[in-house]
Structures are given as C-alpha cells and as structure tokens.
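What follows is the residue order along each chain.
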Amino acid sequence: MQPTEITEILNRPVSQELPARDLTRLAYVAQDGTPRSIPIAFTWNGSEVVLCTSKNAPKLPALRENPAVALTIDTEVHPPKILLIRGRAELNVVDGIPDEYLQMNGSHEMTPEQRIEWEAEVRSLYDGLVRIVVTPAWAKLIDFETTLPTAVEELMRQRAERQRV
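Just so you know, these numbers come straight off a predicted model, no measurement behind them. Every chain begins its residue count from 1, and numbering advances along the sequence as written. It should be noted that, the model being predicted, local features are given only for residues of pLDDT at least 70 and side-chain atom pairs only at 80 or more, the latter also being counted only at that level, while totals for whole chains, interfaces and linings use all residues. Only hydrogens and water are removed before side-chain values are computed, so all heavy atoms of the structure are retained for them.

(A) Up close: the pairing of strand S6 (residues 82–95). Any two strands between which DSSP finds at least two bridges are classified as paired. The helix count covers DSSP runs of H or I at least four residues long, the strand count covers runs of E at least two residues long, and both are numbered beginning at the N terminus. As defined by bridge partners, strand S5 (residues 68–74) adjoins S6 across seven bridges and the pair is classed as antiparallel. Bridge pairing in S6 links valine 69 to glycine 87.

Next up, the structure:
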C-alpha cells in the first residue's frame, strides 16, 4: 500500500474519530508461534500509534523477535466503525513515565484528586515503560456506509454480475 493511500484513509472523518477511543486491539505472534490479540490503551499523534507497556511484559520478547503487528480500533454500535492498521512495532525503553502513557489514560472519568492519586501510584510502580510505536504501513476503514469488508464487496460484485446475466 502506498503512503498516499494510507494518508487518504487515515484523513477520512471517521478515521479521525476512531483514534480518540481508549483502546485498540494489538495482534502479534507470540514466541510460541501462536497468535495473540490484546486490548491496550493507545494514543495517536497524527502519524503513529503509541502504546506503552511495562518493561517485563510478555509481549516484548515476541515483538522483538517479530515486530509485525495489526491494530483494530472500533466502536461497539451498529453499524460498527472499524479502523484496521498494520505496521511494525518499534520498541523504545523509557526511563520514567512517558507523556503518552499519562495521556492515554486521561480519558477515564476521575476527579482531580483521583487523578493525582492515580499518577502517584503509576510513578511508584514503574521506574520506566516501553513505548511501542507503530507507523501505519497499511490501513483500511470499514464503516458499512461508504466502505465494507473486502469479502462483502466481492460478494456484492458477484451478485451484480449474476443479475446482469
């Protein structure tokens, strides 16, 4: 997929709404060769998806071995809106707490006092985190109004061909 195609998809209005969500699903291949898909908080900085995890997270050795990942950001309403992204995970160990981690956990409803307590707990637990940065190498938006899953598009083309005959 060409960078201009990725940019066009990510600049669509629906694609711009989805990165404001709290969670994405990160899919990767574990070290035992089996697939994993986990919910994880994230931020979108306009060109990259940034995730943060503990330095001892089981996913890190797997991502170092095979950095190919897929992300799904979606809604729970009907029809769903789904943004699919594929790319490579770049891992950066960070001392302290990255700003993105505090931002990605900032949408939860907390009073200012709860927020202070939460940040203090985070800072006392982690001496650092690993930033996982994914630059989209492929993207697809499915909104069931202007875009559909590829298989459904194919079935609609086949039906149209049958009806023409």
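(B) How the structure looks around the pairing of strand S2 (residues 35–41). Here strand S1 (residues 23–29) pairs with S2 via seven bridges, running antiparallel. Across the sheet, residue leucine 23 finds its bridge partner in S2, namely alanine 41. Linkage of S1 to S2, two consecutive antiparallel strands, is achieved through a turn of five residues, within which glycine 33 is found at a positive phi near 90 degrees.

(C) Structural view of the side chain of aspartate 74. Residue position: aspartate 74 is located in strand S5. Exposure classes here rest on a 1.4 Å probe applied to the protein chains alone. A residue is buried below 20% of its type maximum, exposed above 50%, and partly exposed in between. On the basis of relative accessibility, which here comes to 17%, the residue aspartate 74 falls in the buried class. Pairs of N or O atoms within 3.5 Å make up the polar contacts considered here, provided that, within protein, one atom can donate a hydrogen while the other can accept it, and that residues adjacent in sequence are counted only when both atoms are side-chain atoms. At 2.9 Å, the side chain of aspartate 74 forms a polar contact with the side chain of arginine 25. The contact criterion used throughout is that any non-hydrogen atoms of two residues lie within 4.5 Å. Discounting chain neighbours no more than four positions away, the residues touching aspartate 74 are Leu18, Arg21, Arg25, Lys81 and Ile82.

(D) Broad picture of the sheet that holds strand S3 (residues 43–44). A sheet is described by the order of its strands in space; here seven strands give the open sequence S2-S1-S5-S6-S7-S4-S3, paired in antiparallel fashion. Strands with a single pairing partner mark the edges of an open sheet, and in this sheet they are S2 and S3. Under this scheme, a helix contributes an axis fitted over its contacting stretch, all axes are lines through C-alpha atoms, and angles between N-to-C directions fall in the 0 to 180 degree range. Here helix H1 (residues 3–10) sits on the sheet and contacts S3, S6 and strand S7 (128–142); the angle it forms with S7, its principal contact strand, is near 90 degrees.

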